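# Observations on the model geometry
So the chains spell out like this:
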Amino acid sequence: MALKDIYATSLSLLTDLYQLTMAYGYWKKGMAEQEAVFHLYFRKNPFQGGYTIAAGLEHAVQFLQELHFTDEDLAYIAGLRGGQGQPLFEQAFVEYLREMRFSCSVDAIPEGTAVFPGEPLVRVRGPLLQAQLVETPLLTIVNFETLIATKAARIADAAKGDTVIEFGMRRAQGIDGALSASRAAYIGGAAATSNLLAGQLYDIPVKGTHAHSWVQAFDTEEEAFLAYGQAFPHDSVFLVDTYDTLEGVKNAIKVAKQLQPSGFTFGGIRLDSGDLTYLSKEARKLLDAAGFTEANIVASNDLDEHIITSLKQEGAKINVWGVGTKMVTAYDQPALGGVYKLAAIRQLDGAWEYKVKLSEQRAKTSTPGMLQVRRFRDGVFIADMIYNELESLPEHTQVVDPLDSTRRKSIPPGTAFEDLLLPVFKDGTLIYDLPDLLTIKARTKAQLDSLHESIRRYLNPHSYPAGLEGSLHQYKLDLILRLRGE
Ligand SMILES: Nc1ncnc2c1ncn2[C@@H]1O[C@H](COP(=O)(O)OP(=O)(O)OP(=O)(O)O)[C@@H](O)[C@H]1O
Ligand SMILES: O=P(O)(O)OC[C@H]1O[C@H](OP(=O)(O)OP(=O)(O)O)[C@H](O)[C@@H]1O
Ligand SMILES: O=C(O)c1cccnc1
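Rules used in this analysis
- Each chain carries its own residue numbering, running from 1 in the direction its sequence is written.
- To label them, take the chains in the order written and letter them from A, then take the ligands in the order written and number them from 1.
- Local features in a predicted model are, by the rule used here, given only for residues with pLDDT of at least 70; side-chain atom pairs are given and counted only at 80 or more, and totals for whole chains, interfaces and linings are based on all residues.
- Excluded from the side-chain calculation are hydrogens and water; included are all heavy atoms of the structure.
- For this description, a residue counts as near a given molecule or strand if any of its non-hydrogen atoms is within 4 Å of it.
- Here a polar contact means two N or O atoms within 3.5 Å. Within protein one must be a hydrogen donor candidate and the other an acceptor candidate, and residues neighboring in sequence count only if both atoms are side-chain atoms.
- The protein chains shown are the only cover counted for residues, whose accessible areas, like all others here, come from Shrake-Rupley with a 1.4 Å probe.
- In the scheme used here, Gly and all other residues not listed as nonpolar or charged are polar, with Ala, Val, Leu, Ile, Met, Phe, Trp, Tyr, Cys and Pro taken as nonpolar and Asp, Glu, Lys and Arg as charged.
- Counting from the N terminus, the helices are DSSP H or I runs at least four residues long and the strands are E runs at least two residues long.
- When a residue's accessible area, from a 1.4 Å probe over protein chains only, is under 20% of the maximum for its type it is buried; when over 50% it is exposed; and in between it is partly exposed.
- We call two residues in contact when some of their heavy atoms are within 4.5 Å.
- To estimate how far a helix should extend, the number of its residues minus one is multiplied by 1.5 Å.
- UniProt positions are given in the numbering used here, feature names are shortened, and annotations may be inferred rather than shown by experiment.

With that out of the way, let us pick up the site of ligand 3. Near ligand 3, the surroundings consist of Phe167, Arg170, Ser194, Gly208, Thr209 and Arg270. Residue Thr209 places a side-chain N or O atom 2.4 Å away from an oxygen atom belonging to ligand 3. At 3.3 Å, a side-chain N or O of Arg270 approaches an oxygen atom of ligand 3. Isolated, ligand 3 exposes 260 Å² of accessible area, and the fraction of that covered by the protein chains is 81%. For the shell around ligand 3, a count of residues per class yields one nonpolar, three polar and two charged.

This is the structure in C-alpha cells:
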C-alpha cells in the first residue's frame, strides 16, 4: 500500500477493541441495525483561544467510503481470544462483518469553518453498530486536523498577511502526523510547506531555503552562497546565521551583486537564531543600502503566534515566517478533546428516544436530539444556535448558554442565517462534492474575517455566543432532572 492511499484503503481495524466488542454485543442482542444518532464535538476551544477551525472531513470521508473488513482483517478478528483462550467472537458475527458496508447518513460542517464548543462537527445517523464502530477513527482524524488547522490559523493571523511557510515535518508526530499536519496547516493559513509528499498528495505549494549543513560543506560561506545562487539563479534565499549573522548578510549581498549581471534574482535571506528583531532591522538596512529592497527577510526558530506578535510589536523587519515544531505539533496543546456521543435511538415503534450522558461536570453532559447548527450573521457572525432537527422550532429564537442559562441571546426575526451541517453521505452513498483545498483555505480566511477581533485575540478572548436553542435547552434540563430522579 502506498502511503498516499492510506485513507483510501480499508482501515476498519483502526479502532479501539471496545468498539468491536460493543458491536458484537449489539449484534447478539438484535440491536445492530437499530437506528442511532451520534455527534462529534469538542468542549473547549484549543490554545485558550476564542475559536476553532474545522478540518479533517476529506480524510474522514475517504475513511468511511472504504469502511469494510477485508479477509485479512476478518482472519485477525476471528483469531482474537478472550477468557480461557476461547474465540472472542462467534464465526457468525465475523460473517456479519464480512457483509457489512457503510450505510449511515452523515452530515458535517465543511472544513475551514469556524466552530465553537458543543457544536457537532460531524453527525452520524444509521445502524447503531456501524455508527458506534466509527467513533475512534473519526475522532483520530478530526481531532488532530482541526487542532492543527486552528493553530495554523492563529499563527497566520499573527503574521498579518505575511507569508507563513510550514517547516514542521522533522518534528511532527510520525509520518501521517506530518502529512495531515501539512494539509491542515495549509487550510489554516500557511501558504506553502517544505514537505514534498504533502505537496504531491494535496497539491500544496512547496517552498524552502537551505540548511546550515550547505554552508558548512564549503570552505567559506561566500563560496556556499555562490554555489547555491549558481544552481538556483532565481529567488534563492541564503541562510545567513551559520557563523556570524550580519557578516552572513554581507556575504549574501556580495554574492547577489556578483551574480546579478548573469540575470540572478535575489530571493533574500533567512535568519534562524539570535535576536530576530535586532538582526532583521540591521539586515534590512544592509539589504536596502545595497539596493535589494525587494529581498525577503525570512525568519525561523521555534516561532509561534505569540513570538510572531511580539516580534511585530518590536518592529522586526521580517516578512516571511518559517514555522515548524510549534505549528505541526500544536506544541502548547497537544490534543483537541473532541468526543463522540450517542444522542438518540429509534425505538421499534419508530419513535426517537433522546439520550444524554450525565456528568458531575455540567460541561460534560451531552446534548440529546439530532442536532444542527444555525449561524446568524449581521455582517459579522453574531451567534450560533444548536437545535434539534427532529422538533419544530419555536417562533421566538433564543440562544441559551449551556453553562450559564441566565445568559440568553434573542435573535431578531429576519436575521440572516445558514445551517452549518451539510449532507455528506445519504444511507452510505457519498452525496457531497468535496471542495478542493484552495476553496477550503479561502473559507478559513473568510470565516476569520467574519469573527469579531475580540474573539480572535489570544489573551482572554471574548466568548462567542454558541448555545442551545431555548426549547432544546429546556428539554435537556428536564431530561437531566428526570434521569437524576429529581
Ligand atoms: N526579539 C525577540 N523577541 C522575542 N522572541 C525572540 C526574539 N528573537 C528571537 N526570539 C525567539 O526566542 C527564542 C530564542 O531561542 P534560543 O535562545 O534557543 O535561540 P538561539 O540561541 O538564538 O538560537 P539556536 O539555539 O536555535 O541556535 C526563539 O523561539 C526565537 O524565535
Ligand atoms: O524551529 P521550527 O519552527 O521547528 O522550524 C524548523 C527548524 O528546522 C530547521 O532547523 P533545525 O531545528 O533542524 O536545527 P537548528 O535548531 O539548529 O536550526 C530550521 O532551521 C528551523 O529552525
Ligand atoms: O527550507 C527551509 O528553510 C527549511 C525546511 C525545513 C525545516 N527548516 C527549514
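So much for the structure itself; the text now carries on.
What follows covers the side chain of Thr325. Inspection of the secondary structure assignment puts Thr325 in helix 14 (residues 325–328). A residue is classified by how much of its surface remains accessible, and Thr325, at 16% relative accessible area, is buried. Among residues more than four places away in sequence, those in contact with Thr325 are Gly168, Arg171, Asp302, Ala330 and Tyr331.

Turning to the site of ligand 1, a few remarks are in order. The environment of ligand 1 is formed by Ser273, Gly274, Asp275, Leu276, Thr277, Asn301, Asp302, Leu303, Ile307, Leu311 and Glu314. Between ligand 1 and the protein, one listed contact pairs a nitrogen atom with a backbone N or O atom of Leu276 at 3.0 Å. Within the contact set of ligand 1, a nitrogen atom lies 3.1 Å away from a side-chain nitrogen or oxygen of Thr277. For ligand 1, whose unbound accessible area comes to 640 Å², protein coverage reaches 56%. Put simply, the parts of the chain that give the shell around ligand 1 at least two residues each are helix 12 (276–289) and helix 13 (305–313). A class-by-class count of the residues in the shell around ligand 1 yields four nonpolar, four polar and three charged.

Before going further, it helps to examine helix 1 (residues 17–29). Along its 13 residues, helix 1 runs 19 Å from first to last C-alpha, staying within 8% of the 18 Å computed at 1.5 Å per residue. Contact partners of the buried residues in helix 1: helix 3 (71–79), helix 4 (91–99), helix 5 (128–133) and helix 6 (135–159). Positioned one or two residues after helix 1, Gly30 has a phi angle of 75 degrees, which is positive.

When the UniProt feature table is mapped to this numbering, "domain: Nicotinate phosphoribosyltransferase N-terminal" (unreviewed entry) covers residues 13–143. The span residues 13–143 carries 42% helix and 16% strand; its end-to-end C-alpha distance comes to 19 Å.

Once that is clear, we can look at the UniProt feature "domain: Nicotinate/nicotinamide phosphoribosyltransferase" (unreviewed entry) in the protein chain. Per the UniProt record, "domain: Nicotinate/nicotinamide phosphoribosyltransferase" (unreviewed entry) is annotated on residues 165–345. What you have in residues 165–345 is 44% helix and 18% strand, and the ends, taken at the C-alpha atoms, are 46 Å apart.

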